[in-house]
Protein chains: 2
Amino acid sequence: MKLVLLLSITLALSWALPFEQRGFWDFSMDDGLPMMNDEEEGSGTPPPVLPPVPMDCPFGCQCHLRVIQCSDLGLTSVPKNIPHDTRLLDLQNNKITEIRKDDFLGLHNLYALVLVNNKISKVHEKAFDPLKRLQKLYISKNNLAEIPHSLPHSLVELRIHENKIKKVSKDIFNGLKNVNCIEMGGNPLENSGFEPGAFDGLKLNYLRISEAKLTGVPKDLPDTLNELHLDHNQIQAIELEDLIRYSKLYRLGLGFNKIRMIENGSLNFLPMMRELHLDNNKLSSVPPGLPDLKMLQVVYLHANNITQVGVNDFCPVGFGTKRVSYNGISLFSNPVPYWEVQPAAFRCVSSRLAIQFGNYRK
Amino acid sequence: MKLVLLLSITLALSWALPFEQRGFWDFSMDDGLPMMNDEEEGSGTPPPVLPPVPMDCPFGCQCHLRVIQCSDLGLTSVPKNIPHDTRLLDLQNNKITEIRKDDFLGLHNLYALVLVNNKISKVHEKAFDPLKRLQKLYISKNNLAEIPHSLPHSLVELRIHENKIKKVSKDIFNGLKNVNCIEMGGNPLENSGFEPGAFDGLKLNYLRISEAKLTGVPKDLPDTLNELHLDHNQIQAIELEDLIRYSKLYRLGLGFNKIRMIENGSLNFLPMMRELHLDNNKLSSVPPGLPDLKMLQVVYLHANNITQVGVNDFCPVGFGTKRVSYNGISLFSNPVPYWEVQPAAFRCVSSRLAIQFGNYRK
């Protein structure tokens, strides 16, 4: 059983099956070349049956090794007659306005569907039903006002950046047990747009809701997250229990917000934190709790209002209580007089070069 | 030797190597989880060396199975420290303005580079030098005024749609023996923009120069072409020898031009032609020579000025001289009185349904 699973993962991950041993664009092999070798005419024999290969490929697309490449064609709808064994269908950079009920009929082997940069405002609720093996759906840069209903349960990665999504309703992710990555930045999402329980049951590792309209860290996201990216929002503070749920985070992106305050103790819920980005905010001091983050290696604090750096702001007092050295601390573009900072403040940094100080980058 | 070649093709075609038997986004396996199991502090032992996995991944990107996914991050330059074993680097939908000399240093295993939808106007002439195994370069939707110099000799597919390219200079494709597909539509290319010999040595199967400023079929393209797409240009006529070089074409897209005239005999140089798109032009009659195209299955002639259809315009007179039946002829949106067309005009069509007639689609 495990072997079967591994095998199917391996197959799914290959953009082409390993046993497809053909040259990449080697059309000509299938294309009647042998037939054209005999040139006599009018022999009276019935016309031979041609192999269906090139005609199965929508005009202007390129079709090889189960990859259907139809980007940049000015298409206004999903082409018909896509071969049923297609693994990857690339329809990006077209003018598709709508995904209709039968657009993906028969594509039960599709692994990745790329619809980025179209004009899609409507997805029929049954349109994805045939896609029983779809793992990647890239539908960024469209006009969707909501996340499509009935996403395939096989989905692993959803990229739905830059649409017009304002609301994530409670049941929209139902049954998506395999999804571990959602990129939904660039949407006009406010905190109130997430219905309670919307993320229930998801086991996400990666979530990005950057470039949105969040005013605080959403409280209801999956507790499985390893990476959470909330940069370019309107977040003003990190309060004590904002992060309590996210104890598995090792990367947190909060740059380009309006954070003035990080409540004492709020970072203590992040024992695995390795990389914390708080640059381009309104912090007036180094956030409390950094010395206790034993795995922390990178802290971005540049472009804030930090006026002083204390000798114990970064490093713990006891020797050996920090497990890794810092290898990146950025403090430039802050009004801190760097000649007043004691060198010992950086005693747990791997090298002087790991500190970006001064205002030279301003 | 042949086995080695097949193997390397197989590996190159897989977006992940088949022997990478890990779950797709299974971050957590590499991420210090085991270390966090022992929680005691201050033991005095030196900090353990952490596996470099997540830190090798640029912040905000997702890095798995040698795929580095950094799209939609607002990046203004190529991130540093991309792992050297990366196979696919996706940087699309960012704000990268320039590709610098050292941006891809060490990426000698890169197979596909996606730079679509950035603001790239400059590529350093040595930037691609490290990419000894790059097969796919997708750099559509940027601000390039010319095709980058020193494209990797390993390149198989180049997509450079929607840039600002006006000129294709003589040596730009030098040494690209493996390229078989170029998509360069959506550029302000005139016929005079192609320097003589620019395509010499290329063995292309697929070329698309749609949505450009061509006034005629370029004469100097590779004679290996199977598909040529020149739709949405300003082509006014097909002259006798325009297509003489392209005897291997089986798909030709000439829709949305201004073609009034197709010279008698000009199509006879296309013995393998299967699908011919001439819709949305200014033709006043069915082009001469169709009955001689023994492999022709699809002809689009809709949205022209065709006023009559002769009984021998599509089908040859002798039985058995055509090798395949038509399965698609479009004639709608033409001022032809369809009741005057003799049914025998379509005697070599597979089914009545294959004919789109009348003006009902106007």
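In this text, all values refer to a predicted model and were calculated from it rather than measured experimentally.

In terms of regular secondary structure, chain A is built from 2 helices and 18 strands. A buried classification covers 57% of the 362 residues belonging to chain A. Within chain A, contacts between residues separated by at least 24 positions form 47% of all contacts whose residues are at least 6 apart in sequence. Total accessible area on chain A is roughly 15400 Å²; 52% of this is exposed by carbon and sulfur atoms.

All names here are of chain A. Within this structure, the stated rule accounts for 16 aromatic pairs over all chains. For the pair F314 and Y326, a centre-to-centre distance of 6.0 Å together with 85 degrees between the ring planes defines the contact as edge-to-face. Separated by 12 residues along the polypeptide, F314 in the loop between β16 (298–300) and β17 (328–330) and Y326 in the loop between β16 and β17 bring together distant segments of the chain. Each of the two residues, F314 as well as Y326, counts as buried.

Sequence positions flagged by UniProt for "domain: LRRNT" (unreviewed entry) are, in local numbering, residues 56–88 of chain A. For residues 56–88 of chain A, helix accounts for 0% and strand for 21%, while the C-alpha atoms at its two ends are 15 Å apart.

Moving on, we come to the side chain of S169 of chain B. Relative to the elements of secondary structure, S169 of chain B occurs in the loop between β8 (157–159) and β9 (181–183). Those residues within four positions of S169 of chain B in sequence are excluded, and the remaining contacts are E195 and A198 of chain B.

Turning next to the confidence of the model for chain A. Residue and element names in this part refer to chain A. Across chain A, the average pLDDT comes to 84, with 83% of residues at 70 or higher. The least confident element of chain A is helix α2 (residues 33–37), whose mean pLDDT is 27; the most confident is strand β4 (residues 98–99), at 98. Between residues 1–54, whose pLDDT stays under 50, and residues either more than four places distant or in other chains, the model counts 97 contacts. For this predicted complex, the interface confidence comes out at an ipTM of 0.77, alongside a pTM of 0.80.

So, about the pattern of salt bridges. Following the criterion strictly, the structure yields 30 salt bridges over all chains and no others. One salt bridge in this structure joins K170 of chain A and D171 of chain A, with 3.9 Å as the shortest N-O distance. Note on K170 of chain A: relative accessible area 43%, which makes it partly exposed. Looking at D171 of chain A, the relative accessible area reads 48%, which means it is partly exposed. Two residues, R208 of chain A and D231 of chain A, come together in a salt bridge whose shortest N-O distance is 3.5 Å. Highlighted residues: R208 of chain A in strand β10 (residues 206–208) and D231 of chain A in the loop between β11 (227–229) and β12 (237–238), separated in sequence by 23 residues. Of the two residues, R208 of chain A and D231 of chain A, both sit in the buried class. Each of D72 of chain A together with K136, E157, R159, E183, R208, E211 and D231 of chain B takes part in a single network of salt bridges with overlapping partners.

Bringing unusual backbone geometry into the picture now. All names here are of chain A. Positive phi outside glycine occurs at H232, with the angle close to 55 degrees. Locating H232 in the fold gives a position in the loop between β11 and β12. Classification of H232 by relative accessible area gives partly exposed; the value is 35%. Even without being a glycine, N280 presents a positive backbone phi close to 55 degrees. Counting through the fold element by element, N280 comes out in the loop between β15 (275–277) and β16.

The next thing to look at is the state of the cysteines. Two cysteines whose sulfur atoms are joined by a covalent bond form what is called a disulfide. Inspection of every chain in the model, using the stated rule, returns 6 disulfides over all chains. A sulfur-sulfur distance of 2.0 Å marks the disulfide that ties C315 of chain A to C348 of chain A. Between C315 of chain A and C348 of chain A, the S-S torsion sits near -85 degrees, and that sign places the bridge as left-handed. Of this pair, C315 of chain A sits in the loop between β16 and β17 while C348 of chain A is found in the loop between β17 and β18 (355–356), placing the two residues 33 residues apart along the sequence. Taking relative accessible area as the criterion, C315 of chain A reaches 1% and is therefore assigned buried. Residue class for C348 of chain A comes out buried when judged on its relative accessible area of 13%. Here the cysteine-cysteine linkages of chain A are recorded as 1-3, 2-4, 5-6, numbering only bonded cysteines and doing so in sequence order. Of all cysteine sulfurs, the one in C57 of chain A lies closest to C181 of chain B, which takes part in no disulfide; the gap is 11 Å.

The subject of this paragraph is the environment of L296 of chain A. Along the polypeptide, L296 of chain A turns up in the loop between β15 and β16. What makes L296 of chain A buried here is its relative accessible area of 0%.

Turning next to the environment of E183 of chain A. Checked against the element boundaries, E183 of chain A lands in strand β9 (residues 181–183). Separated by 45 residues in sequence, E183 of chain A and Y138 of chain A place their C-alpha atoms 9.4 Å apart. Here E183 of chain A is in contact with L158, R159, I160, H161 and R208 of chain A together with S71 and D72 of chain B, once residues within four sequence places are set aside. A distance of 2.7 Å separates a polar atom in the side chain of E183 of chain A from the backbone nitrogen of G185 of chain A.

Here the focus is the environment of G106 of chain B. Residue and element names in this part refer to chain B. On the secondary structure map, G106 appears in the loop between β4 (98–99) and β5 (112–114). It is 9.9 Å that separates the C-alpha atoms of G106 and K132, two residues lying 26 residues apart in sequence. Look past the residues within four positions of G106 in its chain and what remains in contact with it is H84 and P130.

Rules of the game
- Residues numbered from 1 in each chain as written.
- Chains lettered and ligands numbered in written order.
- Predicted model: local features only at pLDDT ≥ 70, side-chain atom pairs only at ≥ 80, totals over all residues.
- Heavy atoms only, no water.
- Helix = DSSP H or I, 4+ residues; strand = E, 2+ residues; numbered from the N terminus.
- Buried < 20%, exposed > 50% of the residue type's maximum accessible area, 1.4 Å probe, protein only.
- Contact = heavy atoms within 4.5 Å.
- Areas by Shrake-Rupley, 256 points an atom, 1.4 Å probe, with all protein chains shown as cover.
- Phe/Tyr/Trp six-rings, centres within 6.5 Å; stacked < 30°, edge-to-face > 60°.
- UniProt positions renumbered as here; feature names shortened; annotations may be inferred.
- pLDDT = per-residue confidence, 0-100.
- Salt bridge = Lys/Arg side-chain N within 4 Å of Asp/Glu carboxyl O.
- Disulfide = S-S within 2.5 Å.
- Polar contact = N/O pair within 3.5 Å; in protein donor to acceptor, adjacent residues only side chain to side chain.

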